[in-house]
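Listed below are the residues making up each chain.
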Amino acid sequence: MSTTLTYRDKIAVLDLGGDENRFSPDFLTAVNAHLDTVVADGAHALITTGGGKFYSNGLDLEWLTANGDRTDWYVAQVHALFARVLTLPLPTAAALPGHAFGAGAMLAMAHDFRVMRADRGYFCFPEADIRIPFTRGMAALIQAKLAPKAAVASMTTGRRFGGTDAAAYDIVDATAPEGEIVDTAAALLTPLGEKDQGTLGAIKNVMFAAAVAALTTP
């Protein structure tokens, strides 16, 4: 299942796909193209979600293994997507139907809000256990969104947070039953109405200037 873009009134819903939704170069290109459309269409808000048991399992390690000479290029593309979502000039929410691991969890972090299924799926930064340190940009992104206690609990332990635990640490803003994740995300966004893109984009760029700089500076 490929990425698809639909609309609920003026809220854009980007489904990342029905498999592990790893960040292959083609996936990154498709997501960016959808974001171009969302902004150009003047959507009032954006929800991203997944069509299966994953939101996203993060980096495409198989592609990286086969293309080790392009690692720097690939990481820069991933960082650029994080920075773009972090500063997207409209309200955003990640609706997690299941697992969000590694860079997939970081993509969720880049949104304004997160909703997670209460009874299934894990939110996890496994870097401490898989021996892959966070890049400076990735760490800055996570720490821009999480309180120090939550950052330590999630970044240094490899802990797998279920929905209830993630909500207790303010990693996610709400939980919902199966089939109601996107509805709950929409309920968070709808009352916000339409925001001026120039103003909201400027606000986010100032709010997250340090994280954006870390993500976009080689």
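In this report, we go over the structure that sits alongside the text. (Residues numbered from 1 in each chain as written. Predicted model: local features only at pLDDT ≥ 70, side-chain atom pairs only at ≥ 80, totals over all residues. Heavy atoms only, no water.)

1. What to know about the overall build of the chain
Applied cut-off: Where helices and strands are cited, they refer to DSSP runs of H or I of at least four residues and of E of at least two residues respectively, numbered from the N terminus. For the radius of gyration, the atom set is restricted to C-alpha positions; the globular benchmark scales as 2.2 Å times the number of residues to the power 0.38. Exposure classes here rest on a 1.4 Å probe applied to the protein chains alone. A residue is buried below 20% of its type maximum, exposed above 50%, and partly exposed in between. Note on contacts: a residue pair is in contact if any heavy atoms of the two residues lie within 4.5 Å. Surface accessibility in these figures is a Shrake-Rupley result with a 1.4 Å probe; residues are shielded only by whichever protein chains are displayed.
Broken down by element type, the chain carries 11 helices and 10 strands. The C-alpha radius of gyration computed for the chain amounts to 16 Å, which stays within 12% of the reference 17 Å derived for 218 residues, consistent with globular compactness. Seen along its three principal axes, the alpha-carbon backbone of the chain occupies a region of about 45 × 35 × 35 Å. Burial statistics for the chain: of 218 residues in total, 51% are counted as buried. Nonlocal contacts in the chain, meaning residues at least 24 apart in sequence, comprise 74% of its contacts between residues at least 6 apart. For the chain, the exposed surface amounts to about 9,700 Å²; the carbon and sulfur share of it is 54%.

2. A look at helix H1 (residues 25-41)
Put simply, the rule is: By this rule the span expected of a helix is its residue count minus one, scaled by 1.5 Å.
Taking 1.5 Å per residue as the helical rise, H1 with its 17 residues ought to reach 24 Å, and the 24 Å between its terminal C-alpha atoms agrees with that figure. Listing the buried residues of H1 in full gives Pro25, Phe27, Leu28, Val31, His34, Leu35 and Val38. The elements touched by buried residues of H1 are strand E1 (4-8), strand E2 (11-15), strand E3 (45-49), helix H2 (61-66) and helix H3 (71-86). Where H1 terminates, the next one or two residues include Gly42, which has phi positive at roughly 70 degrees.

3. Some thoughts on the packing of aromatic side chains
Here is the rule we go by: We call Phe, Tyr and Trp rings a pair once their centres come within 6.5 Å, taking the six-membered ring for Trp, and we label the pair stacked below 30 degrees between planes, edge-to-face above 60, and tilted otherwise. Counted as over-ring charges are cases with an Arg CZ or a Lys NZ within 6 Å of the ring centre that also lie within 35 degrees of the ring normal.
Inspection of every chain in the model, using the stated rule, returns 7 aromatic pairs. Summarising the aromatic geometry, the rings of Phe161 and Tyr169 are spaced 5.4 Å apart at their centres and angled 75 degrees between planes, so their arrangement reads as edge-to-face. We classify Tyr169 as partly exposed; its relative accessible area is 24%. Sitting above the plane of the Tyr122 ring, Arg160 keeps its charged end 6.0 Å from the centroid.

4. Focus: the pattern of salt bridges
Let me state the cut-off plainly: Here, a salt bridge means any side-chain nitrogen of Lys or Arg that lies within 4 Å of a carboxyl oxygen of Asp or Glu.
Enumeration over the complete set of coordinates arrives at 7 salt bridges. Ionic pairing is found between Glu178 and Arg117, a salt bridge with its closest N-O pair at 3.3 Å. Within this pair, whereas Glu178 is found in the loop between strand E10 (174-176) and helix H9 (181-189), its partner Arg117 is found in strand E7 (residues 113-117), the two being separated by 61 residues in sequence. For Asp165, the salt bridge goes to Arg159, with nearest N and O atoms at 3.7 Å. Salt bridges linked by common partners bring Arg117, Asp119 and Glu178 together as one network.

5. Focus: helix H6 (residues 136-145)
Those residues of H6 that fall on the buried side of the exposure criterion are Gly137, Met138, Ala139, Leu141, Ile142 and Lys145. Residues of H6 that are buried in the fold lie against H3, helix H4 (103-109), E7, helix H7 (148-155) and helix H11 (209-216).

6. Observations concerning the pairing of strand E5 (residues 92-96)
Defined as follows: Two strands qualify as a pair provided that DSSP identifies no fewer than 2 bridges between them.
Of all the 5 residues making up E5, 5 are buried; the element is thus mostly covered by neighbouring parts of the structure. Here E5 shows a buried face lined by Thr92, Ala94 and Leu96 and a second buried face lined by Ala93 and Ala95. Judged from the 3 bridges that link them, E3 and E5 form a sheet pairing that is parallel. When the bridges of E5 are listed, Leu46 appears paired with Thr92.

7. Examining the sheet that holds strand E6 (residues 99-101)
Pairing in this open sheet of 4 strands is mixed, and the strands run E4-E6-E8-E9 from one edge to the other. Looking along the sheet, the strands with just one partner apiece sit at the ends: strand E4 (54-56) and strand E9 (160-161). Summarising the sheet, E6 and strand E8 (residues 123-124) pair through 2 bridges and their orientation is parallel. Paired with Phe101 across the strands is Cys124, a residue of E8.

8. Some remarks on unusual backbone geometry
Although it is not a glycine, Asp9 sits at a positive phi angle of roughly 55 degrees. Residue position: Asp9 is located in the loop between E1 and E2. Overall, the relative accessible area of 76% leaves Asp9 in the exposed class. In this model, Asn21 sits at a positive phi of 55 degrees, which is unusual for a non-glycine residue.

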